[in-house]
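These are the residues of each chain, in order.
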Amino acid sequence: MSMWKDLRWSWVVLCFFGLTSAAATNRFEGEVIALESAALRSPPPSDAVMLYGSSSFRLWTNVAAQFPRHAIVNNGFGGSQLSDLNEFFERMVAPAKPRLLLIYGGDNDVASGKSPDRVLADFRQLVQLVREHTPRTRVGFVAIKPSPSREALLDEQREVNRLIQNFVGTQRRVDFLDAATSLLDRDGRPDASYFLQDRLHLNEAGYARWMRVLGPYVEAWGRRR
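Thresholds applied
Residues numbered from 1 in each chain as written. Predicted model: local features only at pLDDT ≥ 70, side-chain atom pairs only at ≥ 80, totals over all residues. Heavy atoms only, no water. Helix = DSSP H or I, 4+ residues; strand = E, 2+ residues; numbered from the N terminus. Buried < 20%, exposed > 50% of the residue type's maximum accessible area, 1.4 Å probe, protein only. Contact = heavy atoms within 4.5 Å. Areas by Shrake-Rupley, 256 points an atom, 1.4 Å probe, with all protein chains shown as cover. Salt bridge = Lys/Arg side-chain N within 4 Å of Asp/Glu carboxyl O. Phe/Tyr/Trp six-rings, centres within 6.5 Å; stacked < 30°, edge-to-face > 60°. Lys NZ or Arg CZ within 6 Å of the ring centre and 35° of its normal. Pairing = 2+ DSSP bridges. Axes fitted to C-alpha atoms, helices over the stretch in contact; angles between N-to-C directions. Parallel < 35°, antiparallel > 145°, perpendicular 65-115°, else oblique. Left-handed = near helix turned anticlockwise from the far one by under 90°. Nonpolar A, V, L, I, M, F, W, Y, C, P; charged D, E, K, R; others polar.

**Quick look at the overall build of the chain**
Next up, step 1: Across its full length, the chain holds nine helices and five strands.
Next up, step 2: The secondary structure elements of the chain, listed N-terminal to C-terminal, are α-α-β-α-α-β-α-β-α-α-β-α-β-α.
Next up, step 3: Within the chain, the fraction of its 225 residues that count as buried is 51%.
Next up, step 4: By sequence separation, contacts in the chain at least 24 residues apart represent 74% of the contacts at least 6 residues apart.
Next up, step 5: Roughly 11000 Å² of accessible area belongs to the chain as shown, and the carbon and sulfur atoms make up 51% of that amount.

Below, the structure written as structure tokens:
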């Protein structure tokens, strides 16, 4: 049965790869093809925990070691926005049918000028895609992090987090993960000690802060029941 599942997964990924690689319309097409190729070489199990989002996930290079009891698939790519996650969902998430889907999006969306309402609408679309294609998948939205380089956008980021948290409260099998508050200093400003020199992406200490929230969540929902 395991061999059949692997073959079925490989076939699906290969089909998506063949149908889409010729029409590179998204700036992240190259990165997505590379992730598809990696999945073809090493198909993930059906109960994997998938990280799906922007470079804050992509740069978490030791995430698998953080969760040694789980199969981790890191599908973070570029400076992606939620609209990009929606565009690639049927290629990157649907074939894998992960048990748990961690989402990091909205950060670059706000930075590009999208309104909080627009970001919420894109997240709602993403949840709908999960409902349609992988209805057994649980979704955890990781709150937009307050980074020093985007401190001027802190109010907009907080509004997005508030809107998504309220929306999540109306949904089944969707959770809001506040991994943002612990990245603030005593004055409520982004704490630069948790960020790389670019003042945007997390350093090792920053990911350790994330783990305080994401670790127990993955342990609770990432294992077969």
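**Digging into the pattern of salt bridges**
Next up, step 1: Throughout the structure, instances matching the rule amount to 10 salt bridges.
Next up, step 2: Residues Arg91 and Glu29 are paired through a salt bridge, measuring 3.1 Å at the closest nitrogen-oxygen approach. Of the two residues, Arg91 sits in helix H5 (residues 82–92) while Glu29 sits in helix H2 (residues 29–41), which places them 62 residues apart along the sequence.
Next up, step 3: The class for Arg91 is buried, based on a relative accessible area of 9%.
Next up, step 4: Linking Asp122 and Arg118 is a salt bridge whose minimum nitrogen-to-oxygen distance equals 3.2 Å. Pair noted here: Asp122 and Arg118 are both in helix H7 (residues 116–133), with a separation of four residues, about one helical turn.
Next up, step 5: Residue class for Arg118 comes out partly exposed when judged on its relative accessible area of 39%.
Next up, step 6: One connected set of salt bridges, linked through shared partners, spans Glu29, Glu36 and Arg91.

**So, the packing of aromatic side chains**
Next up, step 1: This structure, assessed with the given rule, holds 13 aromatic pairs.
Next up, step 2: In this arrangement the basic side chain of Arg138 is found over the ring face of Trp221, its NZ or CZ atom lying 3.6 Å from the centre.

**Looking at the sheet that holds strand S1 (residues 49–53)**
Next up, step 1: Read across the open sheet, the five strands follow the order S2-S1-S3-S4-S5; overall the sheet is parallel. Two strands lie at the open edges of the sheet, namely strand S2 (72–76) and strand S5 (174–177), each paired on one side alone. Going from strand to strand, the sheet's axes swing by 20° on average, the running direction of each strand aside.
Next up, step 2: Sheet topology note: the S1/S2 ladder contains five bridges and is parallel. Residue Tyr52 lies in a different strand from S2, and its bridge partner there is Asn75.
Next up, step 3: On top of the sheet, helix H8 (residues 154–168) reaches strand S4 (138–142) and S5; it is set at about 150° to S5, its chief contact.

**Regarding unusual backbone geometry**
Next up, step 1: With a phi close to 65°, Arg173 is a non-glycine residue in the positive phi region.
Next up, step 2: Examined against the element boundaries, Arg173 turns out to sit in the loop between H8 and S5.
Next up, step 3: Overall, Arg173 belongs to the partly exposed group, its relative accessible area being 30%.
Next up, step 4: The backbone of Arg199 shows a phi angle near 60°, a positive value even though the residue is not glycine.
Next up, step 5: Relative to the helices and strands, Arg199 is located in the loop between S5 and helix H9 (204–221).
Next up, step 6: Its relative accessible area of 40% is what places Arg199 among the partly exposed residues.

**Structural notes on the packing of H5 against H7**
Next up, step 1: Contact geometry of H5 with H7 gives a least axis separation of 9 Å together with a crossing angle of 15°. Judged on the interaxial angle alone, H7 and H5 are roughly parallel. By crossing handedness, the relation of H5 to H7 is classed as left-handed. Of the residues in H7, those in contact with Leu82, Ser83, Leu85, Asn86, Phe89 and Glu90 of H5 are Val119, Asp122, Phe123, Gln125, Leu126, Leu129, Val130 and His133.
Next up, step 2: Classifying every residue of the contact of H5 with H7 gives eight nonpolar, four polar and two charged.

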